[in-house]
Amino acid sequence: MKPRLQLFLLLFAMQTLGLSAGSFVETMSDGWRFHRGEAPVEVAEALFDDSGWDEVRVPHDWAIAGPFDPAADGGTGKLPWQGEGWYRRTFDLPDGHGDRRVTLDFDGIMAFPVIYINGREAGSWDYGYTGFRIDATPHVEWGKPNTIAVHVDTRRWGSRWYPGAGIYRKVILTVSEPVHIARHGVQIRTNGDELAGIPPNVVTVATRVANHLEEQAMIRVQVRLLDPEGSEVAASEESVTVFPERERTVSQVLEVAGVRRWDVDDPVLYTAQVTLSQGGKPTDQTDVQFGFRTFAFTADDGFHLNGSRVQLYGVNLHHDLGPLGAAFNRRAAERQLEIMQSMGVNALRTSHNPPAPEVLDLCDRMGILVWDEVFDKYDATAGRPDLQPPLPEFGRRHIREMVLRDFNHPSIVVWSTGNELTGEDAVEGINPARVQMMADFVREIDDSRPVAQGCHIQGLVDGKNFAGLDLGGWNYDRRYMNYRRQWPHRPIIYSESASTVSTRGYYEPDLPLRRIDRSPTLQVSSYDLNSADWADVPDREFALMEQDRFVAGEFVWTGFDYLGEPTPFGDDARSSYFGIVDLCGHPKDRFYLYRSHWRPEETTVHILPHWNWPGRVGRNVPVFVYTNGDSAELFLNGKSLGLRRKAERPKHPQNLALDGRASASSESEGRPAAAAVDGNLNSLWSAAANDRSASFRLDLGGIVGIQRLVIDTDAKENAYAYTVEASADGLNWKPIVAKPTRPYPKWNGPTRAFHDVDTESRYLRLTFSESTQGHHPGLREFAVYDRKSDNDYYDVTYDYRLRWNEVAYAPGQLKAIAYRDGRAIGEAMVETAGEPVALRLTTDRSRLSADGEDLAFVTVEAVDAKGRRCPLADNQVTFEVSGAGRLNATGNGNPLSMESFAEATQRLFFGLARGIVRADEGDGGIITVRVNSAGLVGGSLELTSAR
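What comes next is a walk through the structure. Note that this is a predicted model, so its numbers are computed, not measured.

1. Some details on the overall build of the chain
Turning to step 1, where the next piece is worked out: When helices and strands are tallied, the chain shows nine helices and 51 strands.
Turning to step 2, where the next piece is worked out: Considered along the principal axes of its C-alpha atoms, the chain spans approximately 105 × 70 × 60 Å.
Turning to step 3, where the next piece is worked out: Across the 947 residues that make up the chain, the buried fraction comes to 61%.
Turning to step 4, where the next piece is worked out: When the accessible surface of the chain is split by element, carbon and sulfur atoms take 47% of a total near 35,700 Å².

2. Remarks on the pairing of strand β49 (residues 912-919)
Turning to step 1, where the next piece is worked out: By the criterion of burial, β49 is predominantly enclosed, with eight of the eight residues buried.
Turning to step 2, where the next piece is worked out: Side chains L912, R914, I916 and R918 of β49 all project onto a buried face; the interleaved residues A913, G915, V917 and A919 project onto the opposite face, where all are buried too.
Turning to step 3, where the next piece is worked out: When strand β45 (residues 855-863) meets β49, the two strands line up antiparallel, connected through seven bridges. What sits directly across from V858, in β49, is G915.

3. Points about the nonpolar core
The nonpolar side chains of a soluble globular protein tend to be buried with one another.
Turning to step 1, where the next piece is worked out: W32, V150, Y480 and W611 are the most contacted members of the largest nonpolar core, which totals 163 residues.
Turning to step 2, where the next piece is worked out: Leaving out residues up to four positions away in the same chain, V150 has contacts with W32, G85, W86, Y87, F106, I109, P113, V114, I115 and I167.
Turning to step 3, where the next piece is worked out: Among the nonpolar cores identified, the runner-up in size contains 30 residues, and A694, L700, L709 and F782 belong to it.

4. Details of the packing of aromatic side chains
Turning to step 1, where the next piece is worked out: Enumeration over the complete set of coordinates arrives at 48 aromatic pairs.
Turning to step 2, where the next piece is worked out: The interplanar angle of 75 degrees and the centroid separation of 5.7 Å between the aromatic rings of Y127 and Y129 together place this pair among those described as edge-to-face. Of the two residues examined, Y127 and Y129, each falls in the buried class.
Turning to step 3, where the next piece is worked out: Plain terms: the ring middles of W534 and F578 are 6.4 Å apart, the flat faces sit at 50 degrees to each other, and that makes the pair tilted. One end of the pair, W534, is in the loop between β27 (492-498) and α7 (538-547); the other, F578, is in the loop between β28 (551-557) and α8 (589-598), and 44 residues separate them in sequence.
Turning to step 4, where the next piece is worked out: Residue classification places F578 among the buried positions, given a relative accessible area of 1%.
Turning to step 5, where the next piece is worked out: Among the aromatic residues, those joined into a cluster by ring pairs are F112, Y127, Y129, W157, F375, Y378 and F394.
Turning to step 6, where the next piece is worked out: Seen from the ring of W733, R765 lies directly overhead, with NZ or CZ sitting 4.1 Å from the centre.

5. As for the sheet that holds strand β41 (residues 813-820)
Turning to step 1, where the next piece is worked out: What the four strands build is an open sheet, ordered β32-β31-β41-β42; its pairing is antiparallel. The sheet is open, and its two edges are formed by β32 (639-645) and β42 (823-831), each paired on a single side. Pairwise comparison of adjacent strand axes, ignoring direction, gives a mean angle of 20 degrees for this sheet.
Turning to step 2, where the next piece is worked out: Sheet topology note: the strand β31 (residues 631-636)/β41 ladder contains six bridges and is antiparallel. Within β41, the residue paired with S631 across the bridge is Y819.

6. Thoughts on empty space enclosed by the protein
Turning to step 1, where the next piece is worked out: Scanning all chains against the criterion turns up four cavities of 30 Å³ or more.
Turning to step 2, where the next piece is worked out: Space inside the largest cavity adds up to approximately 210 Å³.
Turning to step 3, where the next piece is worked out: Contributing elements (two or more residues each) for the lining of the largest cavity: α2 (330-343) and β22 (347-350).
Turning to step 4, where the next piece is worked out: Of all the elements, α2 adds the most residues to the lining of the largest cavity, at three residues.
Turning to step 5, where the next piece is worked out: In terms of residue class, the lining of the largest cavity is made up of eleven nonpolar, five polar and two charged.
Turning to step 6, where the next piece is worked out: As for the second largest cavity, its lining consists of L321, P323, L324, A332, R335, Q336, F560, L583, C584, F857, R914 and I916.
Turning to step 7, where the next piece is worked out: Take the lining of the second largest cavity: its biggest share by element is three residues, from α2.
Turning to step 8, where the next piece is worked out: Partitioned by chemical class, the residues of the lining of the second largest cavity number nine nonpolar, one polar and two charged.

7. Some thoughts on the sheet that holds strand β47 (residues 885-891)
Turning to step 1, where the next piece is worked out: Strands sit in the order β43-β45-β49-β47 across an open sheet of four strands; the sheet is antiparallel. Each edge of the sheet is formed by a strand with only one pairing partner; in this case those strands are β43 (838-843) and β47. Direction aside, neighbouring strands of the sheet carry axes that sit 30 degrees apart on average.
Turning to step 2, where the next piece is worked out: Pairing of β47 with β49 involves six bridges; the strand directions are antiparallel. Within the sheet, the bridge partner assigned to R886 lies in β49 and is R918.

8. Brief notes about unusual backbone geometry
Turning to step 1, where the next piece is worked out: Put simply, G66 and P67 share a cis peptide bond, and its omega is 10 degrees.
Turning to step 2, where the next piece is worked out: With an omega dihedral of -5 degrees, the bond running from W557 to T558 counts as a cis peptide bond.
Turning to step 3, where the next piece is worked out: Checked against the element boundaries, T558 lands in the loop between β28 and α8.
Turning to step 4, where the next piece is worked out: With phi around 55 degrees, N306 is a residue other than glycine that occupies positive phi space.
Turning to step 5, where the next piece is worked out: Among the structural elements, N306 can be located in the loop between β19 (302-305) and β20 (308-309).

Thresholds, definitions, all that
- Residues numbered from 1 in each chain as written.
- Predicted model: local features only at pLDDT ≥ 70, side-chain atom pairs only at ≥ 80, totals over all residues.
- Heavy atoms only, no water.
- Helix = DSSP H or I, 4+ residues; strand = E, 2+ residues; numbered from the N terminus.
- Buried < 20%, exposed > 50% of the residue type's maximum accessible area, 1.4 Å probe, protein only.
- Areas by Shrake-Rupley, 256 points an atom, 1.4 Å probe, with all protein chains shown as cover.
- Pairing = 2+ DSSP bridges.
- Core = buried A, V, L, I, M, F, W, Y, C linked by side-chain atoms within 4.5 Å.
- Contact = heavy atoms within 4.5 Å.
- Phe/Tyr/Trp six-rings, centres within 6.5 Å; stacked < 30°, edge-to-face > 60°.
- Lys NZ or Arg CZ within 6 Å of the ring centre and 35° of its normal.
- Axes fitted to C-alpha atoms, helices over the stretch in contact; angles between N-to-C directions.
- 1 Å grid on protein atoms, 1.4 Å probe; cavity = no way out; pocket = protein on both sides within 12 Å on 5 of 7 lines; lining within 4 Å.
- Points joined across faces, edges and corners; volume = space filled by probe spheres on them.
- Nonpolar A, V, L, I, M, F, W, Y, C, P; charged D, E, K, R; others polar.

Shown next, in the form of structure tokens:
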């Protein structure tokens, strides 16, 4: 829709209403002009000529089009998000209505916006992730054009991920009566007590009425409660006096019979229709959705919703939408949640900031529970690199904005005031007073939901640091246990779990020995056996959640890949490897592992890897199957490779050191050398404090063949340098291992190191030559094996997935048939594909709304002559969109790709690419999508848009 047409309709609507009663609200999407870079403040003047500026639609992210800078910081996505920008837009107001109030609501601007109306500064804001209101009334001119100018400056913003840049959430213009409902002015409480078994059927509707008149106003507040079908189920009216230039809160209590509860399986929503009247004429009206539900977090039995225990199967999601960047789009967010929900997700953590309000609307409608978070840290990532404004003022303002805005969402069950804060006062980290202060800011507005933080430093539990919280959110590695010991009556949530990393479509047949093993390709194998240094593979978290039933559930890091934080290749990549789904929305193999465990009632049979391995005939390619069944049989070209059952773990060779005799250069009290060969990782040999060349010696009792040493050090193994020598007689020694220290992992990492050797010896001697970060020489275990085997860290994976670790590759068909209780429940198959000959297009939906916002996600895949997807194809493809829509963005999910999302070309990444098509605003019509590639038959499809 053209901007002038929008303005005409605005005027027509206002005149039709007569502006004699009620408010007018417009979402200001089109009509914006944008300039990137520095500009004189004169650009804020109404008469400034912006005809040479770019025409943009808001929400808008100025940085997402790139270009990527390979030399830039991968942590924030290698995109040009730091800098200045200006936005301008003009709107008209009819003459003769100067007593009305005109406000602008911005849902989010990254960052530090200053708002000008007709050349005069009207307000500013200091946090990029919360919304704010500008009172434009003193600055507008009735009966004339009015100009909004917005200056955005991201240079002072700090971020650990890609934050985006610009007016990246919606802008709303409201023209209201002088007496109206205040911003976020309706709070709805449904009474009920989960633990006492009292159902919710009493509703308290608190309405804040603002009076901008110079005299007091007698106002009637009418509340009608409507059931999901729109029928009235309760009503209340109350008349009150509101003093001039004041606000007054009116609370009305209503009772509803036969309440239907909001639940994850049945998210029933009611509506509160609130109407203000003055002198018999309506002045304002709003509809607020809410739900009836009870919930409780318990210390010993997790989370309960409406009287039943519900395990939280959650994910963390950052705010970017992949190739769309930070610019919010409702359909893109809805699609993310649909994909997550199909995997079994019933909970979302908004890491680490308040989301767009539409995300919470979607969670209400879809039945997804929410951990709503206001900040990451309180310094640079909150826009306070210099710790100004003061935290009490800053924290209260933005917590108030989040809690008031989000109060009525039944999906929200936790408020969070921060994430992974340290105990350093220099960055205003955790201490008892600060934690209490931030939590109390929440409770000033809402005492019906618990307050938490995402915590990660176990030592900070000591003392009273977390006394101000209602429950503990803990990230990774079962760190919640120290909190559990010290606060046994407090509930716990696993606020970040797993941090498994993988690249969609990429496999390395040589399986890793350790979860932190890295590939020189800068991709991560999709066998799902690698994780971040501080984290674990999914199966270990599944086992913890089954064991620790006092924990309410887990939020996996992360549901989708996101821009920035490309662990473990931060110098080279531009997007993360954490996602269960890639940046463009293609599920990784891990998706089916989670689905098989989180949705046991739904049939899942998924086989990996692909079956195109040229040059590897006769060599090993491991095969995994993810299924909700208890077993599966694997067939290669019709020949059975055997049946595997869950919980059939591999047998490991005997640790020869257990029968040996240990000694050491010195021992600290209670930590003898024998503790390193007792098979118990909880015991420890530690050298004496004054031992400068600590050594450990093992006598195996006789000469044995040795193929592998497995050494668990006291702290993370990369902090130690040591040598291992072997001897047949205890007199003549030869070096067999020389291990240096390494700077990474920086914070956490495994204590276990593997050393493959080939020797026959009786004696072994380990000598420490260096230790870093203050770690003292010590061993938790020194293991000796006469043959190589898997790391027992991965034994738990056999409980949740089916593994054929040794399959000799032969081209053809690989098929798995899954069983439960002896009955076949489904099958999956991969075949060796031929050379690519054509492109095939599919779409998530073919009918769109012609509103200028709706999207279709089009998948492009290369196929062979038999229509089989070619999993190694990397052809360059070009998108062309015509008709009633346009190409909005493209991508392929490759974390290393520096191809612009704004270009019409992308290279297939392991056979796939994605085009995102936006329907034009207007009458609708046919949208034709064509994709071509040199040497291949192109593909096409048609979409339809309508009003």
